[in-house]
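# Remarks on the overall topology
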Amino acid sequence: QVQLVESGGGLVQAGGSLRLSCAASGSFFSVIAMGWYRQAPGKQRELVATSASGGSTNYADSVKGRFTISRDNAKNTVYLQMNSLKPEDTAVYYCNADVRRALWGGIITSWGQGTQVTVSS
């Protein structure tokens, strides 16, 4: 049982910034990794950025140098700082979490409800 609550989406002008937040809650043993994906109209969902429990991060080439993913482990929360936004960043952004459900349990993947990010030109 995992719930992901997202916030921070909205409408901004090109060159502006937004900060997305996602908190994981529910019944699980530990969070293995958290990340952000996005889906634009008519396109498939794609990776934006991920943060693993070991501290490693990964970014899509299209956002590298502009977006930063960070974690607050005490709050089971992941953030996405989005700077120098472009119209092509417009999409629904989804929070993702891979969690271990119990000490001897398996790994499950959860998704947030999605938050709209719109960048105007």
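Look up a bit, the structure's there.
Position labels on residues start from 1 in each chain and follow its written sequence. In view of the model being predicted, local features appear only for residues whose pLDDT reaches at least 70, and side-chain atom pairs are presented and counted only at 80 or more, with totals across whole chains, interfaces and linings using the full set of residues. Note that water and hydrogens are dropped before the side-chain values are worked out from all heavy atoms of the structure.

Glancing now at the overall build of the protein. Here a helix means four or more residues in a row that DSSP labels H or I, a strand means two or more in a row labelled E, and each is numbered from the N terminus. The secondary structure content of the protein amounts to zero helices and eleven strands. In the protein, the succession of α and β elements from N to C terminus is β-β-β-β-β-β-β-β-β-β-β. Only protein chains enter the area calculation, which uses a 1.4 Å probe; residues under 20% of their type maximum are buried, those over 50% are exposed, and those in between are partly exposed. Within the protein, the proportion of its 121 residues that are buried is 38%. Two residues form a contact once any of their heavy atoms are found within 4.5 Å. Excluding contacts between residues fewer than 6 apart, the proportion of contacts in the protein whose partners are at least 24 apart in sequence is 56%. Across the protein, the 11 positively charged side chains and the 7 negatively charged ones have centroids separated by 4 Å. The convention is simple: Lys and Arg are positive, Asp and Glu are negative, and His and the chain ends are not counted. We put the charge of a Lys on NZ, of an Arg on CZ, of an Asp on CG and of a Glu on CD.

In this section: the sheet that holds strand β8 (residues 77-82). At least two bridges found by DSSP between two strands is the condition for calling them paired. Reading across from one edge, β1-β3-β8-β7 is the order of the four strands in this open sheet, with antiparallel pairing throughout. Both edges of this open sheet fall to β1 (2-7) and β7 (67-72), since each of them pairs with a single strand only. The mean inter-strand angle of the sheet, taken between neighbouring strand axes irrespective of direction, is 15°. Looking at chain direction, β7 and β8 are connected through six bridges and run antiparallel. Each residue of the ladder has a partner; that of Asp-72, found in β8, is Thr-77. Here an angle of 0 to 180 degrees is reported between the N-to-C directions of two axes, which are lines fitted to C-alpha atoms, with helices fitted over the stretch in contact.

For the rest of this paragraph, the subject is the nonpolar core. The criterion is simple. A nonpolar core is a set of buried Ala, Val, Leu, Ile, Met, Phe, Trp, Tyr and Cys residues joined through side-chain atoms within 4.5 Å. Formed by 29 residues in total, the largest nonpolar core has its most connected members in Met-34, Trp-36, Leu-80, Met-82 and Tyr-93. Counting residues per element, this core draws most heavily on strand β9 (residues 91-100), at five residues. Here Tyr-93 is in contact with Glu-6, Leu-20, Trp-36, Tyr-37, Arg-38, Val-48, Phe-67, Leu-80, Met-82, Gly-114, Thr-115 and Val-117, once residues within four sequence places are set aside.

Turning next to the state of the cysteines. Two cysteine sulfurs form what is called a disulfide whenever their separation falls within 2.5 Å. Using the criterion set out here, one finds one disulfide in the structure. Disulfide pairing is shown between Cys-22 and Cys-95; the S-S distance is 2.0 Å. Here the disulfide of Cys-22 and Cys-95 is left-handed, its torsion about the S-S bond being about -85°. In this pair, Cys-22 is assigned in strand β3 (residues 18-26) and Cys-95 in strand β9, connecting sequence segments 73 residues apart. Residue classification places Cys-22 among the buried positions, given a relative accessible area of 0%.

A few words now on the packing of aromatic side chains. Here the distance between the centres and the angle between the planes together describe a pair of aromatic rings. Pairing of aromatic rings covers Phe, Tyr and the six-membered ring of Trp, with a centre-to-centre limit of 6.5 Å; geometry is then stacked below 30 degrees between planes, edge-to-face above 60, and tilted otherwise. Within the structure shown, the criterion is met by one aromatic pair. Over the face of the ring belonging to Tyr-94 we find Arg-45, whose NZ or CZ atom lies 3.9 Å from the ring centre. One Lys or Arg, Arg-45, reaches over the ring of Trp-111 and ends 4.6 Å from the middle of that ring. Two conditions define a charge located above a ring, namely a distance within 6 Å from the ring centre to NZ of Lys or CZ of Arg, and an angle within 35 degrees of the ring normal.

This part covers unusual backbone geometry. Positive phi, normally seen in glycine, also occurs at Asn-76, with a value near 50°. Position of Asn-76 among the secondary structure elements: in the loop between β7 and β8. Positive phi values are uncommon outside glycine, yet Ser-84 reaches one of about 50°. The topology assignment puts Ser-84 in the loop between β8 and β9.

Residues qualify for a patch when their relative accessible area is over 30% and they have no salt bridge, like charges being joined within 9 Å and the nonpolar side chains of Val, Leu, Ile, Met, Phe, Trp and Tyr within 5 Å. Here the Shrake-Rupley method, with its probe set to 1.4 Å, supplies the accessible areas, and only the displayed protein chains count as covering residues. We count a salt bridge whenever a side-chain nitrogen from Lys or Arg sits within 4 Å of a carboxyl oxygen from Asp or Glu. Residues Phe-29, Leu-103 and Trp-104 make up a contiguous nonpolar surface patch of about 450 Å² in total accessible area. The topology assignment puts Phe-29 in the loop between β3 and β4 (30-39).

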